[in-house]
Amino acid sequence: MFTSREDRLVAALVIVWAGLFAWSFIDFMTTEATGDGFTRGFNRIAGFLLWQFAAGIVSVPAYLTGRAHPRGSLVRWISRVPLAVSVLLLVGMVGLILIARAGG
C-alpha cells in the first residue's frame, strides 16, 4: 500500500498528527490545574490548544502531500482526515464561543 516515497511521507505525517492529537487530550487530563478563582485550570486549556495547534500545523503538509495522489486513492483519502478533524475542531470551538456569547 505505501510503496512510494510520497506514500511513506503521508503515512509518517498522519502518524505524527495522530500522536500530537492524542497527546493534547492526555496532557489535558493529566496536567494539574493551577491558579485561583476564575483562572484556575487555564493552564490545562492552554496546553490542550498548544498541542492541537501543533497537530493542525502537521495536518497541512499531510494534506498537501496527499493531493499528489490520484483521485479516489486510499492514500489521498487518508491524507484528508487530519486536516478535516482539525478544521472541525476549530469550527466547533468557534461555534461554542458564539453560542456562549449569544446566551450570556
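Preceding block: the structure.
Residues numbered from 1 in each chain as written. Predicted model: local features only at pLDDT ≥ 70, side-chain atom pairs only at ≥ 80, totals over all residues. Heavy atoms only, no water.

Caption draft 1: The overall build of the protein, seen in detail. Per the secondary structure count, the protein includes 3 helices and 0 strands. Going from N to C terminus, the protein has its helices and strands arranged as α-α-α. By the compact-globule yardstick of 13 Å for 104 residues, the protein is too spread out, its C-alpha radius of gyration being 17 Å. Dimensions along the principal axes, computed over C-alpha positions, put the protein at roughly 55 × 30 × 15 Å. Relative to its 104 residues, the protein shows a buried fraction of 27%. Partitioning the contacts of the protein with sequence separation of at least 6, the portion at a separation of at least 24 is 60%. Accessible area for the protein stands at about 7,100 Å²; split by element, carbon and sulfur atoms hold 73% of it. In the protein, which carries 9 positive and 5 negative side-chain charges, the distance between the mean positions of the two groups comes to 13 Å. (Helix = DSSP H or I, 4+ residues; strand = E, 2+ residues; numbered from the N terminus. Rg over C-alpha atoms; globule rule 2.2 N^0.38 Å. Buried < 20%, exposed > 50% of the residue type's maximum accessible area, 1.4 Å probe, protein only. Contact = heavy atoms within 4.5 Å. Areas by Shrake-Rupley, 256 points an atom, 1.4 Å probe, with all protein chains shown as cover. Lys, Arg positive; Asp, Glu negative; His and termini not counted. Charge placed at Lys NZ, Arg CZ, Asp CG, Glu CD.)

Caption draft 2: The packing of aromatic side chains, seen in detail. All chains considered together, the criterion is met by 5 aromatic pairs. Ring geometry for F25 versus F48: centroids 5.1 Å apart, planes at 70°, classification edge-to-face. Of the two residues, F25 sits in helix α1 (residues 5-30) while F48 sits in helix α2 (residues 42-66), which places them 23 residues apart along the sequence. Accessibility expressed as a relative area gives 36% for F25, which makes it partly exposed. (Phe/Tyr/Trp six-rings, centres within 6.5 Å; stacked < 30°, edge-to-face > 60°.)

Caption draft 3: Spotlight on α2. Taking 1.5 Å of rise per residue, 25 residues should cover 36 Å, and α2 covers 36 Å from first to last C-alpha, within 8% of that figure. Buried within α2 are the following residues: G47, F48, Q52, A55, G56, V58, S59, A62, T65 and G66. Buried-residue contacts for α2 involve α1 and α3 (74-103). (Expected span 1.5 Å × (residues − 1).)

Read these as spatial facts, not as claims about activity.
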